[in-house]
Amino acid sequence: MPMQLFGLKRPAVQPDFPGFAQKNSSNTAITEVRGPSMDNVFKRPSLAGLGKKNSSRERREKPGKERSQSKHKDAPRSPGRPKPVKLDLVMESPPVLFLGTPADSNGAIISGRLQVSPSAGDVVMDSIKMFLECTTSTTRPVEARCRECMTSVNDLYEWNFLSKQTTFKATKGTQELPFSHLIPGHIPAATHGQIGTIDYSLHVRAKSADGQETEYRRDLVIQRALRPGNDKNSVRIFPPTNLSLNVTLPSVIHPIGEFPITCRMTGVTNKRDDTQTRWRLRKLTWRIEEKETMVSPACAKHAAKVGGEGKGVQHTSEREIGTDEMKGGWKTDFSDGQIDGEFMAAVNTALKPQCSVDAPNGLKISHILVIELVIAEEWAPNKKPTQATPTGAARVLRTQFNLNVTDRSGMGISWDDEMPPAYEDVPHSPPHYGSELTTMTDYVGEEISGDMEHLSLRN
């Protein structure tokens, strides 16, 4: 105030502590620091998988100065350059379904047409390639922020549609390129588990003569179905008692629909001279458990965390995909000493259960059926067996059975059974006779009807 009254200006005072200057320099450095390139994040891993290393996602050249200028707020935004062609896929084959186990399956055939439509005018294409890709990913990678540890992509097959440069004329409209391939039956089916997934896709890459690239991707669902066989009979014994449980299960079950389970328990009654002790079934509980195991591989950069390249970390996940509790519905016969019952079990489709799979990349999904029986002991005289008295003793019997969860096989006819006979399978035809020895004349005579056994050929 005194200096303002006398017309004097207060000199600018610079603070003598270094924190003020360091704060400003730090803010400036943050705004000028460029983030790391994302090319390394999306680079494909070099782990060996079901096929060779995928080359369909080659690293593109970075524009450098143009890319840095486009990030500036005042820089004008250039409109996106249109693609030279439009790509589309038309599948002619039915959905891919493997019949039988990986060791016995004959695979499945895929066929379709790749549609190529010039966007504006004639276009010269240098190459058009399509890849059958297998993508394996895990939700528990070795390094949480490493893309290579999380996802691995491999090529199973490659189509090269063009052997030289080809001109696609706009006057012809959409042009089609046919393709087909026999997918081997030993590869695992598409699976979307809790900690691991396996996906398949058709990835098309088209490159024009001037260097422009066009990509198109379509998911390919591959399923596996096991043909149903005879029902499985299993016997479980529960020592030190005389109880035994006989269970009948279907050979395969499906994620959608119910399946029957038949149980018979024997050795329920133990008779003496004047009295008898017996077991009464109070409650029955069943549940279906899904166990998933996944080996998360490590990329070359983080291989030291797991002890070297080519190794991984195994993870396990378990969950219930169906359960129920029963307190009745069975028949008890103490005179024969057995309990019979049949009930229906099903998988809860709302939980999105997965089919059983055992992949060579470390993903394995299995299912078991767990049955728990709560029994109570009773005492009764032989003359009046209906007047039973509980002894207070009780037991919980628990047993489990393996289940094969698979997709439905439909008619169960493989592709090789639907094919017409090959040339070498056709039997030999009758020999051909010369025209001078074989003649054909019109029949002239009465109308032929009735019994024709008396007719014969005469020279």
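All values reported here derive from a predicted model rather than from experimental measurement.

Chemist: Where do I start with the overall build of the chain in this structure?
Modeler: In terms of helices and strands, the chain carries five helices and 23 strands. Split into buried and exposed, the 459 residues of the chain put 36% on the buried side. A separation of at least 24 residues holds for 73% of the contacts in the chain among residues at least 6 apart in sequence. Element-wise, carbon and sulfur atoms account for 51% of the exposed surface of the chain, whose accessible area totals about 30,300 Å².

Chemist: What am I meant to see in empty space enclosed by the protein here?
Modeler: To find leftover empty space, a probe the size of one water molecule is rolled over the atoms. Within this structure, the stated rule accounts for one cavity of 30 Å³ or more. Around the largest cavity sit 15 residues that line it, and Cys263, Leu281, Leu284, Trp330 and Gly341 are the ones nearest its centre. Taken together, the elements giving at least two residues each to the lining of the largest cavity come down to strand E15 (258-266), strand E17 (275-297) and strand E20 (338-346). With five residues, the single largest contributor to the lining of the largest cavity is E20.

Chemist: I'm lost on the sheet that holds strand E19 (residues 330-333) in this one. Help?
Modeler: Neighbouring strands of a sheet are bound in pairs by backbone hydrogen bonds; such pairs are parallel or else antiparallel. Overall, antiparallel pairing links the five strands, which are arranged E13-E14-E15-E20-E19 in an open sheet. Either end of the sheet is taken by a strand with one partner, and the two such strands are strand E13 (232-238) and E19. Taking the axes of each pair of neighbouring strands and ignoring which way they run, one obtains an average angle of 15 degrees across the sheet. As judged from the four bridges shared by E19 and E20, these two strands associate in the antiparallel manner. The residue bridging Asp333 from the neighbouring strand is Gln338, located in E20.

Chemist: Help me out: how do you make sense of the confidence of the model for the chain in this one?
Modeler: Low-confidence regions, as indicated by low pLDDT, have predicted coordinates that should not be scrutinised in detail. In this model, the chain carries an average pLDDT of 81, and 77% of its residues clear a pLDDT of 70 or more. Here residues 1-78 is a poorly scored stretch, pLDDT under 50, and it has 68 contacts once near neighbours within four places are set aside; other chains count.

Chemist: How should I be thinking about the sheet that holds strand E2 (residues 85-91) in this particular structure?
Modeler: Spatially, three strands are ordered E2-E4-E8 in an open sheet, and the strand pairing comes out antiparallel. Among the strands making up the open sheet, the edge pair consists of E2 and strand E8 (175-183). For this sheet, the mean inter-axis angle between neighbouring strands, taken without regard to orientation, is 25 degrees. Judged from the seven bridges that link them, E2 and strand E4 (residues 108-118) form a sheet pairing that is antiparallel. Paired with Met91 across the strands is Gly112, a residue of E4.

Chemist: Looking at this structure, I do not really get the environment of Pro228. What am I missing?
Modeler: Position of Pro228 relative to the elements: it lies in the loop between strand E12 (222-225) and E13. The spacing of Pro228 and Gly100 is 128 residues in sequence and 9.8 Å in space, taken between C-alpha atoms. Excluding anything up to four places from it in sequence, Pro228 contacts Ser251, Val252 and Ser409.

Chemist: Would you take a moment to explain the environment of Gly107 for this structure?
Modeler: Relative to the helices and strands, Gly107 is located in the loop between strand E3 (96-99) and E4. A relative accessible area of 4% means that Gly107 is categorised as buried. A sequence separation of 308 residues divides Gly107 from Trp415, and the C-alpha atoms of the two residues are 8.2 Å apart.

Chemist: What am I meant to see in the pairing of E8 here?
Modeler: Side chains on a regular strand alternate between the two faces of the sheet. The alternating pattern of E8 places Gln175, Leu177, Phe179, His181 and Ile183 on a buried face, while none of Glu176, Pro178, Ser180 and Leu182, on the opposite face, is buried. Relative to E8, E4 runs antiparallel, the two sharing nine bridges. Its bridge partner being in E8, Ser111 is matched across the sheet by Ser180.

Chemist: Would you take a moment to explain the side chain of Ser111 for this structure?
Modeler: Structurally, the position occupied by Ser111 is in strand E4. The contact partners of Ser111, leaving out residues within four places of it in the chain, are Met91, Glu92, Ser93, Phe179 and Ser180.

Chemist: Would you mind showing me how to read the nonpolar core here?
Modeler: Note on soluble globular proteins: their nonpolar side chains tend to be buried together. Formed by 36 residues in total, the largest nonpolar core has its most connected members in Ile128 and Ile183. Listing elements by their share of this core, those giving two or more residues are E2, E3, E4, strand E5 (123-138), E8 and strand E10 (196-208). If you tally residues by element for this core, the top one is E5, at six residues. Leave out the neighbours within four places in its chain, and Ile183 touches Val96, Phe98, Gly107, Ala108, Ile110, Leu132, Leu220 and Ile222. Membership of the second largest hydrophobic core comes to 32 residues, among which are Cys263, Leu281, Phe343 and Leu397.

Chemist: Hey, could you run me through the pattern of salt bridges in this one?
Modeler: Pairing is possible between side chains of opposite charge, provided their charged atoms come close. According to the stated counting rule, one finds 15 salt bridges in the structure shown. Here Glu378 and Arg278 are joined by a salt bridge, their closest N and O atoms 3.3 Å apart. Of the two residues, Glu378 is situated in strand E22 (residues 364-381) and Arg278 in strand E17; the sequence distance between them amounts to 100 residues. Of the two residues, Glu378 and Arg278, neither departs from the other in class, the shared state being buried. The shortest N-O distance in the salt bridge between Glu289 and Arg287 comes to 2.8 Å.

Chemist: I'm lost on the packing of aromatic side chains in this one. Help?
Modeler: Each aromatic ring pair is characterised by the separation of its centres together with the angle its planes make. Inspection of every chain in the model, using the stated rule, returns two aromatic pairs. Centre to centre, the rings of Trp159 and Phe179 are 5.7 Å apart; their planes meet at 70 degrees, and the pair counts as edge-to-face. Of the two residues, Trp159 sits in strand E6 (residues 151-160) while Phe179 sits in strand E8, which places them 20 residues apart along the sequence. Taken individually, Trp159 and Phe179 each receive the classification buried, so the pair is uniform in this respect. Three or more aromatic residues joined by ring pairs form one cluster here, namely Tyr157, Trp159 and Phe179. Positioned above the aromatic ring of Phe334, the side-chain terminus of Arg278 is 4.2 Å from the ring centre.

Chemist: Looking at this structure, how should I read the side chain of Thr399?
Modeler: Mapped onto the fold, Thr399 is located in strand E23 (residues 389-403). Judged by its relative accessible area of 8%, Thr399 is buried. Among the polar contacts listed, one links the side chain of Thr399 to the side chain of Arg236, at a separation of 3.1 Å. Once residues lying within four places of it in the same chain are set aside, the contact partners of Thr399 are Arg236, Phe238, Leu245, Leu369, Val370 and Ile371.

What counts, and at which threshold
- Residues numbered from 1 in each chain as written.
- Predicted model: local features only at pLDDT ≥ 70, side-chain atom pairs only at ≥ 80, totals over all residues.
- Heavy atoms only, no water.
- Helix = DSSP H or I, 4+ residues; strand = E, 2+ residues; numbered from the N terminus.
- Buried < 20%, exposed > 50% of the residue type's maximum accessible area, 1.4 Å probe, protein only.
- Contact = heavy atoms within 4.5 Å.
- Areas by Shrake-Rupley, 256 points an atom, 1.4 Å probe, with all protein chains shown as cover.
- 1 Å grid on protein atoms, 1.4 Å probe; cavity = no way out; pocket = protein on both sides within 12 Å on 5 of 7 lines; lining within 4 Å.
- Points joined across faces, edges and corners; volume = space filled by probe spheres on them.
- Pairing = 2+ DSSP bridges.
- Axes fitted to C-alpha atoms, helices over the stretch in contact; angles between N-to-C directions.
- pLDDT = per-residue confidence, 0-100.
- Core = buried A, V, L, I, M, F, W, Y, C linked by side-chain atoms within 4.5 Å.
- Salt bridge = Lys/Arg side-chain N within 4 Å of Asp/Glu carboxyl O.
- Phe/Tyr/Trp six-rings, centres within 6.5 Å; stacked < 30°, edge-to-face > 60°.
- Lys NZ or Arg CZ within 6 Å of the ring centre and 35° of its normal.
- Polar contact = N/O pair within 3.5 Å; in protein donor to acceptor, adjacent residues only side chain to side chain.

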